[in-house]
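Reading the structure
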Amino acid sequence: MGLSSRIRAFFDARFDTATAERFIDGQLHKRLPPHTGWLHVFGSLSLLLFVSQVITGILLLIYYRPTPEEAYESIKYITADIHFGWLFRQVHAWGASLMIVAVTLHMMRTFFMGSYKKPREFTWVTGALLFLITITFGFTGYLLPWNQIAFWATTVGTESANKVPLIGPWLQYFLRGGDTVTGETLSRFFVAHVIILPWIMAGLVAVHLVLMRLNNLATLERVGQEKPVPPQRGIPFFPVHVAKEGVVAVLLFAVLVTLSVVAPWEIGEPADPLSTPAHIKPEWYFLPSYQLLKYFEGPYGAVVGIFACSVPFVLLLIWPFADRGKERHPRKRPAAVTVGLIGLLAALVLGYLGHVSETEQSYFGKRVHFDLLGRPHLVE
Ligand code: HEM
């Protein structure tokens, strides 16, 4: 008897391997709808980035120290002295931004193809929660190097919590672990970033994938008229779709390493609670909310601002229950597609205004100054 047959016989004698084999075989060779193509790889791209973040994050954790005295120095040590430490740090930092891009593209794909409709509403809801967790990962991870930009961006970011009606002051105190950002805040963000969020995300991803498999991928047919995927026309998950995911995985790592080398994230100056830098801006993915909040000032304005910033997220969570239309094809859902495009455009415009606000930019040889609210003024 060969080695593989002996190993097989060993497990056969102890477990019901035939059932397990049938299950794995069924999942691996599952037929996906005929239109499944390159647009359907963003979900697995998000998953791949999550796995990459966990691996590079564990490697960083070996040397990272979550205290105000040591955090900044430990990151410097990782980048300067540890073999390939710079690479792990860069792949982790760039991976965070790319993961937000991947999750957003995946969300747009499922939105515009109407894949969130019955019976897949809960696949969408778990996905929307995953989106929120992905940006919370960004928010908590940003503070960990304990540099000036991180310290002050977190100070400003947690200040917005104060504007939440009724629980505002309590929420800010809870996030900071005190009245200001201190080592207590660093501890809290660290625990959230490396323990709480990863486990919640791993659990939610598992539920999301099981739900996706139970209902198979959506076709473009009307709700209630979906037919089972015909075996001769369906796309086999393995090897056809997996091959596409493989190509995307190789490209992703090429992009990650290239960005890490060509445009490395600087660590900047260590955090100094006594010296506030001139213009503090959050990470790019918070710029739309950051800019929107600026248009609502004063005690009541701030509350309205928090409300305006929360509405898109609430809408995102309940969207499959709000949109009761039966059509899936984007051409047959002009209203939903318009809402999606307006949301996307608003996020892009607000993000850009947030980026250029309080700076001077050059357009076709003319200098333009953008004020706090993003209004352009020609510089003479
Ligand atoms: C860490 C984040 C996420 C991971 C790892 C993930 C993973 C996946 C994977 C692998 C699929 C299979 C099909 C595909 O890739 O297009 C899928 C399907 C799906 N996802 Fe996600 N997803 C995430 C976030 C989201 C978000 C933010 C949403 C929307 C708010 C969402 C909604 C859906 C829906 C509705 C489907 C079913 C698509 C269909 O039936 O065609 N997912 N997800």
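**Brief notes about helix H13 (residues 334–356)**
Compared with the 33 Å implied by 1.5 Å per residue over 23 residues, the 33 Å span of H13 between its first and last C-alpha is a close match. The set of residues buried in H13 consists of Ala336, Val337, Gly340, Leu350, Gly351, Leu353, Gly354 and Val356. At the C-terminal side of H13, Glu358 shows a positive phi close to 60 degrees.

**A look at the packing of aromatic side chains**
Counted according to the given criterion, the structure contains 19 aromatic pairs. Ring centres of Phe139 and Phe189 lie 5.5 Å apart, and the angle between their planes is 50 degrees; on these two criteria the pair is classed as tilted. In this pair, Phe139 sits in helix H6 (residues 121–143) while Phe189 sits in helix H9 (residues 183–215), placing the two residues 50 residues apart along the sequence. You can call Phe189 buried: its relative accessible area is 3%. Judged by centre distance (5.7 Å) and plane angle (75 degrees), the rings of Phe139 and Phe286 are edge-to-face.

**Some words on the nonpolar core**
Within the largest apolar cluster, 34 residues are counted, with the highest numbers of intra-cluster contacts made by Leu45, Leu49, Trp124, Met201 and Leu256. Contributing elements (two or more residues each) for this core: helix H3 (42–61), helix H5 (85–112), H6, H9, helix H10 (237–262) and helix H12 (298–322). Per-element accounting of this core gives the leading share, ten residues, to H5. Discounting residues that sit within four places of it in the chain, Trp124 has contacts with Met107, Thr110, Phe111, Tyr116, Leu316, Leu317, Trp319 and Pro320.

**A few points about the coordination of the iron atom of the ligand**
Binding of the iron atom of the ligand to the protein goes through His106 (NE2) and His208 (NE2), at separations of 2.0 to 2.1 Å. Coordination at the iron atom of the ligand is octahedral, judged from the six donor atoms that bind it and the angles of 86 to 180 degrees they form at the metal. With a gap of 102 residues between them, His106 in helix H5 and His208 in helix H9 connect regions that are remote in the sequence. Taking the relative accessible area as the measure of exposure, His106 reaches 22% and is therefore partly exposed.

**Points about H5**
Since the α-helix advances by 3.6 residues per turn, residues separated by three or four positions end up pointing in the same direction. With 28 residues, H5 should reach 40 Å at 1.5 Å per residue; the first-to-last C-alpha distance of 40 Å fits that figure. Looking one or two residues beyond H5, the residue adopting positive phi is Gly114, at roughly 65 degrees.

**Observations regarding the packing of H6 against H9**
At a minimum axis separation of 9 Å, H6 and H9 run at an interaxial angle of 160 degrees. With respect to their mutual orientation, H6 and H9 come out roughly antiparallel. The interaxial crossing formed by H6 with H9 has left-handed handedness. In terms of residue class, the contact of H6 with H9 is made up of 19 nonpolar, ten polar and no charged.

**A few points about the site of the ligand**
Looking at the ligand, there are 25 residues lining it, with His106, Arg109, Gly127, His208 and Ala218 nearest. Here an oxygen atom of the ligand and a backbone polar atom of His40 are 3.1 Å apart. Looking at the shell around the ligand, the elements with two or more residues in it are H3, H5, H6 and H9. Among the residues forming the shell around the ligand, the class breakdown is twelve nonpolar, eleven polar and two charged.

**A word on the sheet that holds strand S4 (residues 366–370)**
Pairing between the strands of a sheet comes from backbone hydrogen bonds, and it takes one of two forms, parallel or antiparallel. As summarised here, the arrangement of the three strands in space is S3-S4-S5, forming an open sheet in which the pairing is antiparallel. What marks the edges here is a single partner per strand, and that holds for strand S3 (359–363) and strand S5 (376–378). Adjacent strand axes in the sheet meet at a mean angle of 35 degrees when their direction is disregarded. In this sheet, S5 lies alongside S4 in antiparallel orientation, the contact comprising three bridges. By the bridge assignment for S5, His369 is matched with His377.

**Describing the side chain of Asn216**
Take Asn216: it is sitting in the loop between H9 and strand S2 (235–236). The buried category is assigned to Asn216, whose relative accessible area is 16%. Setting aside chain neighbours within four positions, we find Asn216 in contact with Lys30, Arg31, Leu32, Pro33, Arg120 and Val229.

Parameters at a glance
- Residues numbered from 1 in each chain as written.
- Predicted model: local features only at pLDDT ≥ 70, side-chain atom pairs only at ≥ 80, totals over all residues.
- Heavy atoms only, no water.
- Helix = DSSP H or I, 4+ residues; strand = E, 2+ residues; numbered from the N terminus.
- Expected span 1.5 Å × (residues − 1).
- Buried < 20%, exposed > 50% of the residue type's maximum accessible area, 1.4 Å probe, protein only.
- Phe/Tyr/Trp six-rings, centres within 6.5 Å; stacked < 30°, edge-to-face > 60°.
- Core = buried A, V, L, I, M, F, W, Y, C linked by side-chain atoms within 4.5 Å.
- Contact = heavy atoms within 4.5 Å.
- Donors = N, O, S within 2.8 Å, 3.2 Å for Na, K, Ca; no water.
- Tetrahedral: all angles 85-135°; square planar, octahedral: opposite > 155°, others 65-115°.
- Axes fitted to C-alpha atoms, helices over the stretch in contact; angles between N-to-C directions.
- Parallel < 35°, antiparallel > 145°, perpendicular 65-115°, else oblique.
- Left-handed = near helix turned anticlockwise from the far one by under 90°.
- Nonpolar A, V, L, I, M, F, W, Y, C, P; charged D, E, K, R; others polar.
- Near = heavy atom within 4 Å.
- Polar contact = N/O pair within 3.5 Å; in protein donor to acceptor, adjacent residues only side chain to side chain.
- Pairing = 2+ DSSP bridges.

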